[in-house]
Amino acid sequence: MQLSIFRKVLAGWILVQTAQGVMNSTGSASKKAKSSKSSKRSKPKGLSKIDLMTQNQYLGADLLIISVAAASGDPAVLNNGLIDFFASVSATDFMARVKKLAKIIAHRLPDAVGLQEVFKYTCTGNPCENELVKNAFNDHLELTLQALEDLGCLYEPIVIYEGTSVPFEFTFDGKDNAVANISDRHVILVRNDISATPVDFACPIPSGDGCTYSTSLPTPVGNYIRGFAGVDLTIEDAKYRIIHTHLEAYYPDPTNPLSSAIQALQAQELIKTISASTPLDHSVILIGDINSGTHAEIIEEPFLIVPPYIQFINAGYIDVWPASKGASTKSGFTCCEDEDLLNPDSKLDIRIDMIFSVDAPFKASRAKVLGTKESDKTKTGLWPSDHVTFAAELHFDISGED
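Starting afresh in each chain, residues are numbered from 1 along the sequence in its written order. Residues qualify for local features only when their pLDDT is at least 70, as the model is predicted, and side-chain atom pairs are given and counted only at 80 or more; totals for whole chains, interfaces and linings, by contrast, use all residues. Derived side-chain values reflect all non-hydrogen atoms in the structure, with water molecules and hydrogen atoms excluded from consideration.

A. Quick look at the state of the cysteines. Any cysteine sulfur atom paired with another within 2.5 Å is treated as part of a disulfide. Inspection of every chain in the model, using the stated rule, returns 3 disulfides. The disulfide partner of Cys 203 is Cys 211, and the S-S distance across this bridge is 2.3 Å. Between Cys 203 and Cys 211, the disulfide has an S-S torsion of -90 degrees and is therefore left-handed. The same class applies to Cys 203 and to Cys 211, which are both buried. Only protein chains enter the accessibility calculation, which uses a 1.4 Å probe. A residue is then buried if its area is under 20% of the maximum for its type, exposed if over 50%, and partly exposed in between.

B. Spatial organisation of the pattern of salt bridges. By definition, a salt bridge exists where a carboxyl oxygen of Asp or Glu is found within 4 Å of a side-chain nitrogen of Lys or Arg. Tallying each qualifying case throughout the model produces 13 salt bridges. Among the salt bridges present, the one from Asp 232 reaches Arg 241, with a minimum N-O distance of 2.7 Å. You'll find Asp 232 and Arg 241 in the same group, each marked buried. A salt bridge links Lys 239 to Asp 281, with the nearest nitrogen and oxygen atoms 3.3 Å apart. Taken together, the positions of Lys 239 in strand β10 (residues 238–246) and Asp 281 in the loop between α7 (261–277) and β11 (283–289) put the pair 42 residues apart, joining distant regions of the chain. Assessed through its relative accessible area of 36%, Lys 239 is described here as partly exposed. What emerges from the salt-bridge pattern is a single network uniting Asp 51, Arg 108, Arg 366 and Glu 393. Helix and strand definitions here come from DSSP, where helices need a minimum of 4 consecutive H or I residues and strands a minimum of 2 consecutive E residues; each element is numbered from the N-terminal end.

C. Representation of the layout of surface pockets. In this structure, the largest pocket spans a volume of roughly 1000 Å³. Elements with a minimum of two residues in the lining of the largest pocket: α3 (64–71), β4 (155–171) and β5 (177–191). Any residue that is not Ala, Val, Leu, Ile, Met, Phe, Trp, Tyr, Cys, Pro, Asp, Glu, Lys or Arg is counted as polar, Gly included; the first ten are nonpolar and the last four charged. Tallied by class, the residues present in the lining of the largest pocket amount to 23 nonpolar, 11 polar and 9 charged. Any residue with an atom within 4 Å of a point lines the site, the site being either a cavity, points on a 1 Å grid over the protein atoms alone where a 1.4 Å probe fits but cannot get out, or a pocket, an open set with protein on both sides within 12 Å along at least 5 of 7 lines. Grid points are joined across faces, edges and corners, and a volume is the space filled by probe spheres set on the points.

D. Structural context of the packing of α3 against helix α4 (residues 75–91). For every element, the axis is a line fit to its C-alpha atoms; helices are fit only across the contacting stretch, and the angle between N-to-C directions ranges from 0 to 180 degrees. Relative to each other, α3 and α4 sit at 175 degrees, their axes nearing to 8 Å. One finds that α3 runs roughly antiparallel with respect to α4. Across from Ile 65, Ile 66, Ala 69 and Ala 70 in α3, the residues of α4 making contact are Val 77, Leu 78, Gly 81, Leu 82, Asp 84, Phe 85 and Ser 88. Convention used here: angles under 35 degrees read as roughly parallel, angles over 145 as roughly antiparallel, angles from 65 to 115 as roughly perpendicular, and any remaining angle as oblique. Here, residues are in contact when the closest pair of their heavy atoms is within 4.5 Å.

E. Region of interest: the confidence of the model for the protein. The predictor reports its confidence for every residue as pLDDT, a score running from 0 up to 100. Scored by pLDDT, the protein comes out at a mean of 89, with 88% of its residues at no less than 70. Every residue in residues 1–44 scores below 50 in pLDDT, and together they form 85 contacts with partners more than four places removed in sequence or on other chains.

F. Structural context of unusual backbone geometry. Pro 302 follows Glu 301 through a cis peptide bond whose omega is 5 degrees. Note that Pro 302 resides in the loop between β11 and α8 (308–314). Even without being a glycine, Leu 109 presents a positive backbone phi close to 50 degrees. Residue position: Leu 109 is located in the loop between α5 (94–108) and β2 (112–116). In this structure, Leu 341 takes a positive phi of about 65 degrees despite not being glycine. Along the polypeptide, Leu 341 turns up in the loop between α9 (320–323) and β13 (353–357).

G. Main features of empty space enclosed by the protein. Tallied over the full model, the rule gives 2 cavities of 30 Å³ or more. Space inside the second largest cavity adds up to approximately 50 Å³. Forming the boundary of the second largest cavity are Tyr 161, Asp 184, Arg 185, His 186, Ile 225, Arg 226, Gly 227 and His 246. Broken down by element, the lining of the second largest cavity gets its largest block of residues, 3 residues, from β5. In the lining of the second largest cavity, the residues fall into 2 nonpolar, 3 polar and 3 charged.

H. Spatial organisation of the side chain of Asp 51. As for its placement among the helices and strands, Asp 51 is situated in strand β1 (residues 47–56). A polar atom in the side chain of Asp 51 sits 2.7 Å from the side chain of Arg 108. Each residue touching Asp 51, except ones within four places of it in the same chain, is listed here: Arg 108, Pro 110, Asp 111, Ala 112, Arg 366, Ala 392 and Glu 393. In the analysis that follows, any N or O atom pair within 3.5 Å is treated as a polar contact, provided that within protein one partner can donate a hydrogen and the other can accept it, and provided that, for residues neighboring in sequence, both atoms belong to side chains.

I. Here's a closer look at the pairing of β2. Among the 5 residues of β2, 5 are classified as buried, and the element is accordingly described as predominantly covered. Residues Ala 112, Gly 114 and Gln 116 point to one face of β2 and Val 113 and Leu 115 to the other, with burial holding for every one of them. Being paired, for any two strands, means DSSP has found at least two bridges between them. Here β1 pairs with β2 via 5 bridges, running parallel. For Gln 55, the partnering residue across the bridge sits in β2 and is Leu 115.

Spelled out as structure tokens, the structure:
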């Protein structure tokens, strides 16, 4: 994103944050809090298990199309950018893809699923019915729940984080305008036979059922906000807290490596929140698309930026993929297919969709990346998403014995 205004705003903001000492995060405080928490627990006897899944559904196009067009300052360029964006969303056909995504969930039947990029596109006006864009405008959450119900699987959206929502106008002929709205959400679905309650984090910036991070990405159409949400589950005698997030991209401004500070600060805020707010009698698990992984590197100059994956590991979180029997010998790549989803062969080459256990599990098993087969594609050759789905089963010792 070659946007000078972005770089100026971000650079000035980073300098302020650096002066306050927030960039150098090692996670040592979180380790101490976690150790103290574990030692005070009193849990019912036995072993518990929970099966979890994280699935980035893909919004269907690259929002950078709109940002670059808006940065031009030319209304005609922005109009064409909006048409290009909605045409791409239409072509990647979520109504077909959602059936494949739902099948992945239905085959596994996890206890809970974290969904990212659960977009809602609305449009009013005659241009909305143009063949080029009309397939774009739908509610991805409604379609997901309906597809699951059609397969005989009943899940409830227990928490919905309401992210960025922006209205736009566009036209094909310069006379007849349409008003469209783009809304980003992420959602925790829980199987309807499980007791579940949304977590109230008492956060400073609430949004929907979750919290917005205090750090967000400045763009020509406003700040792109992201956040986190949580749900408390009871399965048999065991209590769990599932926390779900979708962090900012690694380099949201490809021309500025320091833009990775945004996701780093979001991760730091999340770690502090988890450490301060989790009940002692809950096993805690973090799931989602963290846009960071073992490939991420620490930036040391002009100041220290620690990527989210390294922060979570330093805080003592257990990365479930390498901890799961048999999975550690495989790549576990989860991203990314081409933006149009039509690449014949998979192009997955990084692992950024994660399940972390904040408490050391007794065992991790059945860790799988799903949606990687030719048979997972739609009839027109679309991959279900630009990410694959990741699932794992965690077992915890809740006997209370040391």
